[in-house]
Every structure is written in structure tokens, then in C-alpha cells.
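Here's the letter readout for the chains.
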Amino acid sequence: MIANLHRTSDVPGNVDWASAERVTDLAYAAIKQWARS
Amino acid sequence: MSVSDLSPRVEDPMTTVEPVQARLREAVEALSAIERRATTEGERRSADWVAEELRAAGAREIRFSRYKAHSTWAVTLVAHSVLVLGSFLVGGWISRAIAAIAAVSLEADATGRSFWLRKLLPGKRVGTNVEARIPAAGGPRRTVVVVAHHDAAHNGFIWHPRTVDAGRRLAARTGTTPSYMGLPLMAMVAIAAGPALLQRIGLAVLGISIMLSVQAAFSRTVPGANDNATGVAGLLELGRRLARNPIDGLEVILLSPGGEEAGGVGIAGWLKQERANLDPATTLFVGLDSIGLVSLSSRHASARQGATARRTSSLSSAPLIGRGSLGHGGWGWAPSAILWSCAIGASTRFPCSPGETE
């Protein structure tokens, strides 16, 4: 479950940017793997 | 409407060396500043913003599509609940039958399989999806659809931290995220099939559900930085990378639907138009939703999320289009679960870092 889910505290200051970057990298890797499989 | 005639904007060379996190932050801050509840003018403005950013990222064939829906899930929940409560005035087998039908209908609504009751209700407005494409070099052999909704939720008592925490604990035990429709559904089943005492409890639950739903419907729209400006920021980043480094034979569809927080109604409208053009055997959906987590660092959460991902990993592929499950109970949440689990180090069938293989 997500912290600040559907709360007014869901603001940029409460975002984990490292998590966002890592998930983006993962999605990119998954797409590349899918394309080449 | 189409903005495909707009030529791609030449990016500032400085942005090419800008750290990824800085770009993600910039996008999240810009989108969070827009009040973007489903089917509102704010949602339309956020769609415009996403379209402009997709163009800047190098994507082509940018298009808007419209869907018609209510601005909140509360409408359908209240309608189903009122139907059951009203039928109970008649009593007997009729009220039980209507409660059973309402339960089936609400479950179908919550999972995106059927919105039949919503269609009958007044008060629908027009919402906005935006999509862009990166054509495949050498003709498409495979398609990937990257999805990140750009609308934001509204607040309400039901999203109190204690309620959310109870849902988190249940998800940890079962590996399944509980639906906000769960309690009303159980109440309807109790009214349809239970003894008198359970029926009374079910009626009380439905009454409370109606009050909470109305309160939520009239609550503020939240900034939605994590849910789901982060997903849109990730979508733009992926678009930027895939436009600069096209993968041979891969057609990319970058889709940012509205209406997710109203029950997945935006992407349901998009699929209604596009389903026939997508081959389940060669299409992969990747969902980005709330990717900037801050509370999944514990070993307990990691293990449980990993279990969730392993169970749902097969849901990330396009054959689920064929199954027609579009909402939270279907693939709408499943890809996110996989991505979250990798973000915290759990294993899935997908690589958890660039270049990593199974």
C-alpha cells in the first residue's frame, strides 16, 4: 500500500526519487527484453 | 483532435546530461500543480501538458481521445447501494435477487468488465486521454503499450491512514490489494444469501458506504505527486529514451489516460477503440503507477511485495486484453506491483536493473 495514498500530503516533497528512477530503469529494461525475446 | 502536425521540439543540449531524477522531479512538480480530477477542465489541461511533453521527448502521432464518465467512483457505488437498500423495502426474494444482481454488477464495475449501471446514470462528462507513438524501425514485429494515468484522486475519510494501513496489512497477508468495493460487495452478498442478522449488518454497511462515498465525492482533489505524476514522469522518460534509441521492430505506444481514479474509465474507453488493433501475442502492457514509493523499505514489505509480483507477473502481458479485465482487479495494478517489487529488490521474471537478465 502507498504512503499518502489519496491524501493531500501526496506532494512532490514526499516522493522517493531514487525509487522512481529505479522503476523507470526497470521498465526500460523490461521493454528491451520483450522486444528482443 | 490531433497535434501530430507539430514538429518535434529540439531539446536543449543541457537536458541530455541532466540527471534522470532531476527530469522526473521537474515533471512531477509541474503536473502536481494542476488540479486534475477525472473529466474536469483540470484533467484536460494536464492532458495538454502531457501531450506537449511527449512531443518534446521525441514521440510522434500525438493524439487526444475522449471518454464519457462521472468524475468519481462514488457515483456507481452509491447507485448500486441505493438500489439494494431500496429493494429491501419490498422484501422477500425480490430484495435478495436484486442484492445478488447488484453484487455481480458492482464486481464487474470494479474490475472494469461492465459499466452498464454507470451508463444509465446522468451527470457524465467528457474526459481526456492522450497518447503518442514511436514507430518501429523496419516495421513493427512487437508492440509495447506504456500506460500512466495523468488524473488525480480525491480525498475522503476512507483514505484515512488507519484505513490504508489496514488494507496494507491485508495485502501483506493475502498478496492481493483489497478493493474499495470489497466491503459493500460483501454486504450485498450477505443481504442476498444471509440470515436476517447478516442482512441487517449488510444494510448498515451499505448505509455507511453511501455516507462515506458522498463525503469522498465532495472532498478535495489531491496533488497526486506519487499517484500518478511519478508514473507520467516515468512514461516521459521512457519515451525520451525510446525515441532516441529506437528498438528494431518495436512499436511504442505511450498512453496517459484520464479517469483512472474514477474507476479506470479512461483506459476502458481507449481500449474500446484500440483493442482490435492490438495483437495479444505480440503486445506487452507496462503500467507505471505510483512509482515514487517511500514506505517499502522493510524486509517484511519486500518479501510480501515480491510474493505479490510473482503471482501477478503473468498479468503484465497483453493476453489479458483478451480477457477484458481493465480495472484495479485486472492488469491495471499488476504491472505496477512488479515494478514496485523490483524497486525494493524482490525478484520477478523481469530484470530488475538495466542489462540484467533472468
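Residues numbered from 1 in each chain as written. Chains lettered and ligands numbered in written order. Predicted model: local features only at pLDDT ≥ 70, side-chain atom pairs only at ≥ 80, totals over all residues.

Side note on the overall build of chain A
In step 1: Looking only at helices and strands, chain A has one helix and zero strands in total.
In step 2: Dimensions of chain A, computed from C-alpha atoms along their principal axes, come out at roughly 40 × 15 × 10 Å.
In step 3: Taking all 37 residues of chain A together, the buried fraction comes to 68%. (Helix = DSSP H or I, 4+ residues; strand = E, 2+ residues; numbered from the N terminus. Buried ≥ 20, exposed ≤ 12 C-beta atoms within 10 Å, placed from the backbone.)

Describing the environment of Ala166(B)
Residues and elements named next belong to chain B.
In step 1: By the secondary structure assignment, Ala 166 is in helix 7 (residues 161–174).
In step 2: The exposure class assigned to Ala 166 is partly exposed, which follows from the 13 C-beta atoms found within 10 Å.
In step 3: Measuring from C-alpha to C-alpha, the distance between Ala 166 and His 70 comes to 28 Å, with 96 residues separating the pair along the chain.

A word on the pairing of strand 4 (residues 248–256) of chain B
All names here are of chain B.
In step 1: Among the nine residues that make up strand 4, seven are buried, leaving the element largely enclosed by the rest of the structure.
In step 2: Judged from the five bridges that link them, strand 2 (residues 125–134) and strand 4 form a sheet pairing that is antiparallel. Looking at the pairing, Ile 134 lines up with Val 252 of strand 4.
In step 3: Sheet topology note: the strand 3 (residues 137–147)/strand 4 ladder contains seven bridges and is parallel. The partner of Arg 142 across the bridge, within strand 4, is Leu 250. (Pairing = 2+ DSSP bridges.)

Regarding the environment of Asn129(B)
Residue and element names in this part refer to chain B.
In step 1: For Asn 129, the position within the fold is in strand 2.
In step 2: Overall, Asn 129 belongs to the buried group, with 26 C-beta atoms counted inside 10 Å.
In step 3: Setting aside anything within four residues of it in sequence, one finds Asn 129 in contact with Phe 64, Ser 65, Tyr 67, Leu 255, Ser 256, Pro 257, Gly 258, Gly 266, Gly 269 and Trp 270. (Contact = placed C-beta atoms within 7 Å.)

Topic: the nonpolar core
In step 1: With 81 residues, the main nonpolar core has Val146(B) and Met188(B) as its most contacted residues.
In step 2: The element best represented in this core is helix 1 (residues 17–36) of chain A, accounting for nine residues.
In step 3: Residues lining this core come from more than one domain, with at least three contributed by each of domain 1 (13–66 + 128–154 + 224–292) and domain 2 (74–121 + 157–217) of chain B. (Core = buried A, V, L, I, M, F, W, Y, C linked by C-beta atoms within 7 Å. Domains from an automatic or database assignment.)

Notes on helix 8 (residues 182–193) of chain B
In step 1: Along its 12 residues, helix 8 of chain B runs 17 Å from first to last C-alpha, staying within 8% of the 16 Å computed at 1.5 Å per residue.
In step 2: What helix 8 of chain B keeps buried is the set Pro184(B), Leu185(B), Ala187(B), Met188(B), Ala190(B), Ile191(B) and Ala192(B). (Expected span 1.5 Å × (residues − 1).)

Observations regarding the domain arrangement of chain B
Residues and elements named next belong to chain B.
In step 1: We note that the domain assignment places domain 1 (13–66 + 128–154 + 224–292) and domain 2 (74–121 + 157–217) within chain B.
In step 2: Between the C-alpha centres of domain 1 and domain 2 there is a distance of 32 Å.
In step 3: Domain 1 puts four residues into the contact, and the matching count from domain 2 is four residues.
In step 4: Among the residues forming the side of domain 1 that touches domain 2, the class breakdown is one nonpolar, three polar and no charged. (Nonpolar A, V, L, I, M, F, W, Y, C, P; charged D, E, K, R; others polar.)

Some points on the sheet that holds strand 5 (residues 283–287) of chain B
All names here are of chain B.
In step 1: On the basis of which strands lie adjacent, the open sheet formed by five strands has the order 1-2-4-3-5 and mixed pairing. The open sheet has two free edges, formed respectively by strand 1 (60–69) and strand 5, since each of these has just one partner strand. On average, each strand axis in the sheet is tilted by 25° relative to the strand beside it, whichever way the strands run.
In step 2: Sheet topology places strand 1 next to strand 2; eight bridges connect them, and they run antiparallel. When the bridges of strand 2 are listed, Ser 65 appears paired with Asn 129. (Axes fitted to C-alpha atoms, helices over the stretch in contact; angles between N-to-C directions.)

Focus: the interface of chain B and chain A
In step 1: Contacts between chain B and chain A engage 51 residues on the former and 32 residues on the latter.
In step 2: At the level of elements, helix 2 (20–32), strand 3, helix 7, helix 10 (225–244), strand 4, strand 5 and helix 14 (334–343) of chain B are the ones that each hand at least two residues to the side of chain B that touches chain A.
In step 3: The element that contributes the greatest number of residues to the side of chain B that touches chain A is helix 10 of chain B, accounting for nine residues.
In step 4: Tallied by class, residues from the side of chain B that touches chain A come to 28 nonpolar, 14 polar and nine charged.

Some thoughts on helix 3 (residues 41–57) of chain B
An α-helical segment advances 3.6 residues per turn. Residues three or four places apart therefore align on the same side.
Residue and element names in this part refer to chain B.
In step 1: Taking 1.5 Å as the rise per residue, helix 3 with 17 residues should run 24 Å; its terminal C-alpha atoms sit 24 Å apart, in good agreement.
In step 2: Residues of helix 3 that are buried: Glu 43, Ser 46, Ala 47, Trp 49, Val 50, Ala 51, Glu 53, Leu 54 and Ala 57.
In step 3: Tucked inside the fold, the buried residues of helix 3 contact helix 2, strand 1, strand 2, helix 10 and strand 4.
In step 4: Among the residues trailing helix 3, Gly 58 stands out with phi positive, at a value near 105°.

Some points on the packing of helix 1 of chain A against helix 10 of chain B
In step 1: Packing of helix 1 of chain A against helix 10 of chain B leaves a shortest axis separation of 10 Å and a crossing angle of 45°. The angle between helix 1 of chain A and helix 10 of chain B falls in the class oblique. Classified by chirality, the crossing of helix 10 of chain B by helix 1 of chain A is right-handed. Residues Ala20(A), Val23(A), Thr24(A), Ala27(A) and Tyr28(A) of helix 1 of chain A touch helix 10 of chain B, and the partners they reach there are Thr230(B), Ala233(B), Gly234(B), Glu237(B), Leu238(B) and Arg241(B).
In step 2: Its residues assigned to classes, the contact of helix 1 of chain A with helix 10 of chain B shows six nonpolar, three polar and two charged. (Parallel < 35°, antiparallel > 145°, perpendicular 65-115°, else oblique. Left-handed = near helix turned anticlockwise from the far one by under 90°.)

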